[in-house]
Amino acid sequence: MAVRTIIETVSDRSKFALVSTVYLLKKRKYLLSFLISFFVFLFFLTFFRDGSSNWQLIWSGLPLDRKLEVIGKIFPAMLENFISLYGVTIIFLSFFQAIVIMQIIFAWRNREKNGALDSASTGGIGAILGFIALGCPSCGVGLLTPLLSAIAGASAVALAETIGHIFTILAFALLLFSIIRLGYINYVIIGSKNYKEEHAKSH
Amino acid sequence: MQKAIRIGLLVLVAGFLGTLVVFNILNPTPPDMETWNNMMAKGDPETAKHHFIMYTDIFCPYCDKFSDAVAANQEEFEKNYIEDKNILFEIRVTDMNYENGHSENSRPAGEAVYCAAKQGDFWSYYYALLAKVYKDYHSRGIGVDRTSPKIPTLSDEYFYEIADSLDTIDRDKLVSCMENDETVKELDDNTAKAQKKAINGVPYFVFDKYTANGFAGNWNTKNDYEQVKLLMDAGLASKS
């Protein structure tokens, strides 16, 4: 019975969150914040998608113009994400992170600082886990592999792969949790604002 | 209380990420500059000013990206880097993906290239095998990352066929070498040597003082030579 109630509550709140998300995406300034966040997250996730090799190039002794070339190569790579399942995972992570940011900005601007901060920390953990999970450990690329190699030796790759999968699932779960929670709060705020506006008009 | 726990968790996870990044930058793997197999090195070991090492596995997709780009621009690579910059370019083949349980094919492929080296033409066989693996699998999105379908276990015939297209490799000698496990020990020893250095993933590049793991070329531009040049120039800049 309790499980059924929880499922119904989550299902209802998800619908409310979806309504508030669509509502915000129709507002130009929130759409803009969504697009900027999406672009920024997609850029950084793509930068680290093949492990730390790009990062190592940036920190190498290359002259500035060659370092800019490393950054410039990320833009076509961002588009390349659309052609593989792994890339699509990165796109979805960026999409959910951008939705969280947009919801946080709306809640913050409407004096729901506690809700915004709570979701920012949960969404933040999700975002960082998403970063850590990037890469392909068996291909030698991944942020986790070098550290785990020092700790777990030869079994590090298998361990990094398993942890990577767990972190990816956790990242999605935390981001979705943040979206549903904050989306519901924002739905209430939007409803209340609309009611006040209509009430003011009728008087 | 709940907020404190959440902030604490955020700090913990962020700290973990920071540790990973710092650890990756300060990767303490000491270089091993003695050539492992002279047949797998280009340049003059006696006079070379730089030593560029690539730890690899034949069924590692990111290694394939690098080597395909080099193979497609071999003349320019050899002139501009190996000759002009006086570099000793060495390939260290391991079967790490077999050891890690990710590819059954890494072991026979590793044996085959060491057998080709025994016949005196490692490079032709190595590039021909990588081109075949790229054409049959990597270019079709098979075995390229953790979400893609895996490459099926291949028969030894897959590796023998390469010899048919090369004048310098005798197919019968290759078959005999692989059937008699003539190069298994060398492959095992070299993989163990790499793992001892905490190199558990390939490609791993050592260029004088510069080290890099992974290769960030683009899949849809097969011969991503620009990324190779960035890597080589970063290595050269580390010395100066």
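Residues numbered from 1 in each chain as written. Chains lettered and ligands numbered in written order. Predicted model: local features only at pLDDT ≥ 70, side-chain atom pairs only at ≥ 80, totals over all residues.

Colleague: What is the right way to read the overall build of chain A from this model?
Modeller: Per the secondary structure count, chain A includes nine helices and two strands. Along the chain direction, N to C, the helices and strands of chain A fall in the order α-α-α-α-α-α-α-β-β-α-α. (Helix = DSSP H or I, 4+ residues; strand = E, 2+ residues; numbered from the N terminus.)

Colleague: It is not clear to me how the domain arrangement of chain B should be interpreted in this structure. Could you clarify?
Modeller: You'll often see interface size given as the accessible area lost when the parts meet. For chain B, the assigned domains read domain 1 (1-29) and domain 2 (38-239). Here the C-alpha centroids of domain 1 of chain B and domain 2 of chain B sit 35 Å apart. (Domains from an automatic or database assignment.)

Colleague: Is there a simple way to think about the pairing of strand 3 (residues 87-93) of chain B in this case?
Modeller: Regular strands place their side chains on alternate faces of the sheet. Residues and elements named next belong to chain B. With respect to burial, strand 3 is a largely interior element, seven of its seven residues being buried. Burial of the side chains of strand 3 extends over both faces: Ile87, Phe89, Ile91 and Val93 are buried on one face and Leu88, Glu90 and Arg92 on the other. As judged from the two bridges shared by strand 1 (residues 41-42) and strand 3, these two strands associate in the antiparallel manner. Paired with alanine 41 across the strands is glutamate 90, a residue of strand 3. Looking at chain direction, strand 2 (residues 50-56) and strand 3 are connected through seven bridges and run parallel. Considered in strand 3, the bridge of threonine 56 is made with valine 93. (Buried ≥ 20, exposed ≤ 12 C-beta atoms within 10 Å, placed from the backbone. Pairing = 2+ DSSP bridges.)

Colleague: Sorry, what's going on with the nonpolar core here?
Modeller: Note on soluble globular proteins: their nonpolar side chains tend to be buried together. Residue and element names in this part refer to chain B. By size, the foremost hydrophobic cluster in this structure holds 63 residues, and its most contacted members are Val113, Ala116 and Leu129. For this core, the leading source of residues is helix 5 (residues 106-118), giving seven residues. For valine 113, the contacting residues outside a window of four places in its chain are Ile58, Val93, Phe122, Tyr125, Tyr126 and Leu129. (Core = buried A, V, L, I, M, F, W, Y, C linked by C-beta atoms within 7 Å. Contact = placed C-beta atoms within 7 Å.)

Colleague: Can you help me understand the environment of lysine 29 of chain A in this one?
Modeller: All names here are of chain A. Turning to its location among the elements, lysine 29 is positioned in helix 2 (residues 28-47). Classification of lysine 29 as exposed rests on a count of 12 C-beta atoms within 10 Å. For the pair lysine 29 and methionine 102, spaced 73 residues apart in sequence, the C-alpha to C-alpha distance is 9.5 Å.

Colleague: For this particular structure, what's the right way to read the sheet that holds strand 4 (residues 204-207) of chain B?
Modeller: Think of a sheet as strands paired side by side through backbone hydrogen bonds, with each pair either parallel or antiparallel. All names here are of chain B. As summarised here, the arrangement of the five strands in space is 1-3-2-4-5, forming an open sheet in which the pairing is mixed. In this open sheet, the two strands that pair with only one neighbour each are strand 1 and strand 5 (210-213). Across four bridges, strand 4 lies against strand 5 in antiparallel orientation. Counterpart to phenylalanine 207 in the pairing with strand 5 is tyrosine 210.

Colleague: Help me understand the confidence of the model for chain A, please; the structure alone is not making it clear to me.
Modeller: Low pLDDT means the predicted coordinates in that region are not meant to be read closely. Per-chain confidence: chain A averages 82 in pLDDT, with 84% of residues scoring 70 or above. Between the elements of chain A, mean pLDDT differs from a low of 57, seen in strand 2 (residues 141-142) of chain A, to a high of 93, seen in helix 2 of chain A. (pLDDT = per-residue confidence, 0-100.)

Colleague: Would you explain unusual backbone geometry in this entry?
Modeller: Working note: non-glycine residues mostly have negative phi, and peptide bonds are mostly trans. All names here are of chain B. With phi around 55°, asparagine 86 is a residue other than glycine that occupies positive phi space. Residue position: asparagine 86 is located in the loop between helix 3 (74-83) and strand 3. According to the C-beta neighbour criterion, asparagine 86 is partly exposed, with 13 such atoms within 10 Å. Positive phi is not limited to glycine here, since aspartate 208 has a value of about 50°. Structurally, aspartate 208 is set in the loop between strand 4 and strand 5. We classify aspartate 208 as partly exposed; it has 19 C-beta atoms within 10 Å.

Colleague: Got a minute to help me understand the confidence of the model for chain B in this structure?
Modeller: All names here are of chain B. Confidence along chain B averages 87 in pLDDT terms, with 89% of residues attaining 70 or more. Helix 5 holds the highest mean pLDDT among the elements of chain B, 97, whereas helix 1 (residues 2-25) holds the lowest, 72. For this predicted complex, the interface confidence comes out at an ipTM of 0.76, alongside a pTM of 0.78.

Colleague: How do you make sense of the packing of helix 7 (residues 157-164) of chain B against helix 8 (residues 171-179) of chain B when you look at a structure like this?
Modeller: For any two helices packed against each other, the geometry is given by the interaxial angle and the distance between the axes. Residue and element names in this part refer to chain B. Relative orientation of the contacting elements helix 7 and helix 8 amounts to 155°, with a least axis distance of 9 Å. Classified by the angle between their axes, helix 7 and helix 8 sit roughly antiparallel to one another. Crossing geometry of helix 7 relative to helix 8 is assigned as right-handed. Contacts between helix 7 and helix 8 pair Tyr160, Ala163 and Asp164 from the former with Arg171, Leu174 and Val175 from the latter. In terms of residue class, the contact of helix 7 with helix 8 is made up of four nonpolar, no polar and two charged. (Axes fitted to C-alpha atoms, helices over the stretch in contact; angles between N-to-C directions. Parallel < 35°, antiparallel > 145°, perpendicular 65-115°, else oblique. Left-handed = near helix turned anticlockwise from the far one by under 90°. Nonpolar A, V, L, I, M, F, W, Y, C, P; charged D, E, K, R; others polar.)

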